[in-house]
Amino acid sequence: MEVSGRPYLRRLEDYLGRPLPGEGRAALVRLMRTPAVQGGQGGQEPPGEELLDEGLLLQRGVERVELCLHGNPLLVQEVIQRLDPESGAGAPEKDLSVEAAAWQWLPHIESECGARLVLDQALGALRREALAWARGDVPGPPSWIDLHRASAALVRPPLVVLTGASNAGKSTLFNLLLGEERVVVSDEPGTTRDTIAAPLALGDWIVRLVDTAGERDPGSTGRGDAEVEGQRLGRELSARAELTLELVDYQGLSPGSWPDPTPEPGRRVLVSRADALSGDPVALDGKLFISALRDPEHARALVGDLILEGLGCTGPEAGWQAGRAVPLELEWAEALDGARSLPAGDARVQRVLGVLNGDSFGQGKPVDASCPREPSPVE
Ligand SMILES: Nc1nc2c(ncn2[C@@H]2O[C@H](COP(=O)(O)OP(=O)(O)O)[C@@H](O)[C@H]2O)c(=O)[nH]1
Ligand SMILES: [Mg+2]
């Protein structure tokens, strides 16, 4: 990965705990992680750091370095997060107009519908509707926040993590959904020791699907450091995933003791390797059972639907509709909903313009409502 720009290089130095080597020079670096302090046990974690990866740092220019790592894409994501904690990949700077921010975002959008949605905002869809609403000409949406949430998955691919015991069939399902052999599948428990992520297209949506190392007893033989690390990373990812799909092996269940398929928002439980049941329409009624081996098409369709449903991508608000106004940032949506407290008319228009122009969400200078800004091109 390449890192450029003085603030980011300074953060990289802090992260590496050493100065950059100087223009044209190289250095071996170690990426460490300080263990996160668990909620509720504050301060009781043993001090110390763990090694994430070792790599080569090449300083290509005064403000440009190249970092060569061994790690998988998730590690790279973690490094990016560390260097740029406020913004996800491609997220724009804070004080831009909504159109300028959308133009900045556009090249980073992965799905076609996401790109159309962002392009609509870059061309002024949000400005037109939000100002008409502020003037009282149109009713506007019941909630700008809900509108933001319903489309958020088009703009930032959500994380969907497969979890469950070792041998539950996670890697088989991962390969099946992606339509290619990405991960080694084996009945040797502990075959998947690392987490593996890949973009998965589901209709208009793209999600980031993650296969994790299965959970095994701590005492299991052959449970090496890499597997333990993979399991830890799997749990961590699952905790911050938009959706966790947990697989429970049919073989270990007694009939009728099926797990709750929707134990909580953001988590779905599927019975896997249910070869005896997968073709039975009665048993399938609860949309619970899959057999990736006996009925792969059914498994693929069912899990695809389940992911979209679990992410809230199936409602009438979800998806792309030509020219519809959508606040891309949650902060914009919150600020617009906040403007409901003002009566429609001048006061609300001024507040909404502040949001649209990125002037600290309405705290900044008043702007002339008759002269909306032109969208700026990507720099
Ligand atoms: N009978 C049967 N075996 C399956 C099914 N899905 C996966 N398996 C097998 O279960 C074993 C473990 O699968 P794997 O995907 O590696 O499980 P993981 O440890 O959860 O990733 C492999 O031998 C797979 O071929 C299924 O639907 N039916
Ligand atoms: Mg596996």
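All of the points below concern the structure found in this document. (Residues numbered from 1 in each chain as written. Chains lettered and ligands numbered in written order. Predicted model: local features only at pLDDT ≥ 70, side-chain atom pairs only at ≥ 80, totals over all residues. Heavy atoms only, no water.)

### Observations concerning the nonpolar core
The biggest cluster of nonpolar side chains holds 65 residues, and the ones touching the most others in it are L126, W144, V303, I307 and V352. The residue makeup of this core includes at least three contributed by each of domain 2 (98-143 + 323-362) and domain 3 (159-310). Once residues within four sequence positions are removed from consideration, W144 is found in contact with L126, E129, A130, W133, A325, P327, A333, L336, D337 and R340. Of all hydrophobic cores here, the second largest spans 16 residues; its members include Y15, L16, V29 and L57. (Core = buried A, V, L, I, M, F, W, Y, C linked by side-chain atoms within 4.5 Å. Buried < 20%, exposed > 50% of the residue type's maximum accessible area, 1.4 Å probe, protein only. Domains from an automatic or database assignment. Contact = heavy atoms within 4.5 Å.)

### Section: the sheet that holds strand β3 (residues 50-61)
Pairing between the strands of a sheet comes from backbone hydrogen bonds, and it takes one of two forms, parallel or antiparallel. The strand order β1-β4-β3-β2 describes an open sheet built from four strands, whose pairing is antiparallel. Looking at strand neighbours, the two that pair on one side only are β1 (2-4) and β2 (26-33), the edges of this open sheet. The mean inter-strand angle of the sheet, taken between neighbouring strand axes irrespective of direction, is 30 degrees. Summarising the sheet, β2 and β3 pair through eight bridges and their orientation is antiparallel. For L28, the partnering residue across the bridge sits in β3 and is L56. Lying on the sheet, helix α1 (residues 6-16) is in contact with β1, β2, β3 and β4 (64-69); it crosses β2 at an angle near 70 degrees. (Pairing = 2+ DSSP bridges. Helix = DSSP H or I, 4+ residues; strand = E, 2+ residues; numbered from the N terminus. Axes fitted to C-alpha atoms, helices over the stretch in contact; angles between N-to-C directions.)

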